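# Commentary on secondary and tertiary structure
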Amino acid sequence: METPTEIGTMKEGNIACVSALQPVFAGGQIVNSNKLAQTALEASRLQLEMTTDKVALEVENYFWKIVSLKEARKTIDVLDSLLQNLHKDVTLAVKTGITTSNDLLTVQLKQNELQSTRLQVENGIQLSRMALCQYIGIPLDSAIYIDVPEFRENIKCPGEYLVDHPTALATLSAYKLLDKNVEVHELKRKIALGQQLPTVGIGVSYAYEDLMFDKSRNHFLMMATIRVPISDWWGGSHKFKRSKLEEKKARRQQQDGHEKLQLKMQQSWNQLTEAYQQIVLAESAVKESEENLRMHTNNYRSGINSLSELLDAQSLYQTSRNRYTDACINYMTKTSQYLQDTGRKTDIR
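Rules used in this analysis
Residues numbered from 1 in each chain as written. Predicted model: local features only at pLDDT ≥ 70, side-chain atom pairs only at ≥ 80, totals over all residues. Heavy atoms only, no water. Helix = DSSP H or I, 4+ residues; strand = E, 2+ residues; numbered from the N terminus. Expected span 1.5 Å × (residues − 1). Salt bridge = Lys/Arg side-chain N within 4 Å of Asp/Glu carboxyl O. Polar contact = N/O pair within 3.5 Å; in protein donor to acceptor, adjacent residues only side chain to side chain. Axes fitted to C-alpha atoms, helices over the stretch in contact; angles between N-to-C directions. Parallel < 35°, antiparallel > 145°, perpendicular 65-115°, else oblique. Left-handed = near helix turned anticlockwise from the far one by under 90°. Nonpolar A, V, L, I, M, F, W, Y, C, P; charged D, E, K, R; others polar. Buried < 20%, exposed > 50% of the residue type's maximum accessible area, 1.4 Å probe, protein only. Contact = heavy atoms within 4.5 Å. 1 Å grid on protein atoms, 1.4 Å probe; cavity = no way out; pocket = protein on both sides within 12 Å on 5 of 7 lines; lining within 4 Å. Points joined across faces, edges and corners; volume = space filled by probe spheres on them. Phe/Tyr/Trp six-rings, centres within 6.5 Å; stacked < 30°, edge-to-face > 60°. Core = buried A, V, L, I, M, F, W, Y, C linked by side-chain atoms within 4.5 Å.

## A short note on helix α1 (residues 29–95)
- The terminal C-alpha atoms of α1 lie 98 Å apart, and with 67 residues this matches the ideal 99 Å at 1.5 Å per residue to within 8%.
- At the exit of α1 stands Gly97, carrying a positive phi of roughly 80°.

Here you go:
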């Protein structure tokens, strides 16, 4: 009989393996993806700047609205003083029998109308302050602490704000954002192209095992990989063509946006010069109404003009003053708009 042969089986053992692979060439996907992330971050910053400019311009509008109402209140104070003096003169004239009580009643009605207008202006100031509080995000009861300085007529000629529009175009956040949009689509096209190219990588692998003869062994392996996207070639080619069309569309939007920004600057400049001419006309009207009021006041005291003519002259004076104030406020807001449209700060206070 043959000697029996002993056959053993493996009862337990250990094995561990770890690999590391470093892409050497991925069609530019990694580099372009990093550039795309950085470009998107810069675009977000430009959008934040545009939002900040929009908020600043809106705050300017609230500011000048309050200034306009305060100037209207000053005009009311002047007319109120004139009517008080007129009321004294008419009261004396009624007592002496020079005029009838109808004239006195007419003056009193005019004073009541003026007080009603004053109430509307005061309410407008209060609401404008509350609207400003709501817009800038502070409690509405803080409106009583918000005030603006008196209007100073430091009107500058539009020529002092004029800049070269093509030069100012490159400083605009909107202009830079259009350029970033083109960069984004260009990088997306490059990434789509990289997905169609072979990917090359090198790596190293380490393995540990102690499966046989109660001995452990270490294994090291160097490797290189090449991945060719054959199965996705058809779909990838269409994706690349679509990315090229999107890039072409972005370039057209860039050109169109640049032209629209230049048109907006020219429009803002035209509105600024028109607003300045309105100030010139309104200022001339104020001087004429002041002289007209002075003449009618003297003529009324001399008995040449009637009371109604004097009251009409006061109304014309009030209207001309309000129009002049509105023209100045409009010019200030148009100035802020032009400064922002040309890439400058809007605070002209």
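## Digging into the pattern of salt bridges
- As enumerated under the stated definition, the model contains 15 salt bridges in all.
- Two residues, Glu42 and Lys180, come together in a salt bridge whose shortest N-O distance is 2.3 Å. Taken together, the residues Glu42 in helix α1 and Lys180 in helix α4 (residues 173–194) connect sequence positions 138 residues apart.
- Here Glu291 ties to Arg294 by a salt bridge, and the two come within 2.4 Å at their closest N and O atoms. Remark: Arg294 and Glu291 occur in helix α5 (residues 233–301); sequence separation between them is 3 residues, near one turn of the helix.
- Connected through salt bridges with shared partners, the residues Glu186, Arg189, Lys190, Glu247 and Arg251 form a single ionic network.

## Points about the side chain of Thr335
- When you line up the elements, Thr335 lands in helix α6 (residues 307–341).
- From its side chain, Thr335 meets the backbone oxygen of Tyr331 in a polar contact 2.7 Å long.

## Looking at the packing of α1 against helix α2 (residues 101–136)
- With their axes 9 Å apart at the nearest point, α1 and α2 run at an angle of 165° to one another. Of the possible angle classes, the one that applies to α1 and α2 is roughly antiparallel. The crossing of α1 and α2 is left-handed.
- For the contact of α1 with α2, the residue count by class is 21 nonpolar, 10 polar and 12 charged.

## What to know about the environment of His296
- Mapped onto the secondary structure, His296 falls in helix α5.
- When its relative accessible area of 18% is taken as the criterion, His296 is described as buried.
- Separated by 10 residues in the primary sequence, His296 and Ser306 place their C-alpha atoms 8.7 Å from one another.
- Non-local contacts of His296, meaning those with residues more than four positions away in its chain, are made with Asn305, Glu309, Leu310 and Ala313.

## Section: the layout of surface pockets
- Considering only enclosed or pocket space, the largest pocket measures out at about 500 Å³ in volume.
- Around the largest pocket, the lining is made up of 22 residues, and of these Met50, Asp53, Lys54, Gln340 and Asp341 lie nearest the centre.
- Residue assignment for the lining of the largest pocket shows that the elements contributing at least two residues are α1, α4, α5 and α6.
- Ranked by the residues each element gives to the lining of the largest pocket, the list is headed by α1, at 7 residues.
- By residue class, the composition of the lining of the largest pocket is 6 nonpolar, 6 polar and 10 charged.

## Examining the packing of aromatic side chains
- If you walk through the whole model with that rule in mind, you get 5 aromatic pairs.
- Aromatic pair Phe63 and Trp64: ring centres 4.9 Å apart, planes at 80°, arrangement edge-to-face. Trp64 matches Phe63 in its accessibility class, with the two residues each being buried.
- Pairing Trp269 with Tyr338 gives two aromatic rings, centres 5.6 Å apart and planes at 50°, and the pair type is tilted. Linking Trp269 in helix α5 with Tyr338 in helix α6, this pair joins segments that are 69 residues apart in sequence. One exposure class covers both Trp269 and Tyr338, and it is buried.

## Overview of the nonpolar core
- By size, the foremost hydrophobic cluster in this structure holds 25 residues, and its most contacted members are Trp64, Val67 and Phe151.
- Broken down by element, the residue count for this core peaks at 8 residues, all from α6.
- Among the nonpolar cores identified, the runner-up in size contains 19 residues, and Ile76, Leu79, Leu104 and Leu311 belong to it.

## A word on the environment of Met332
- For Met332, the position within the fold is in helix α6.
- Here Met332 falls in the buried class, since its relative accessible area comes to 4%.
- The spatial distance from the C-alpha of Met332 to the C-alpha of Leu272 is 8.8 Å, given a sequence separation of 60 residues.

## Here's the deal with the environment of Phe240
- In this structure, Phe240 sits in helix α5.
- Taking the C-alpha atoms as reference points, Phe240 and Lys190, 50 residues apart in sequence, are found 8.4 Å from one another.
- Discounting residues that sit within four places of it in the chain, Phe240 has contacts with Arg189, Ala192 and Leu193.

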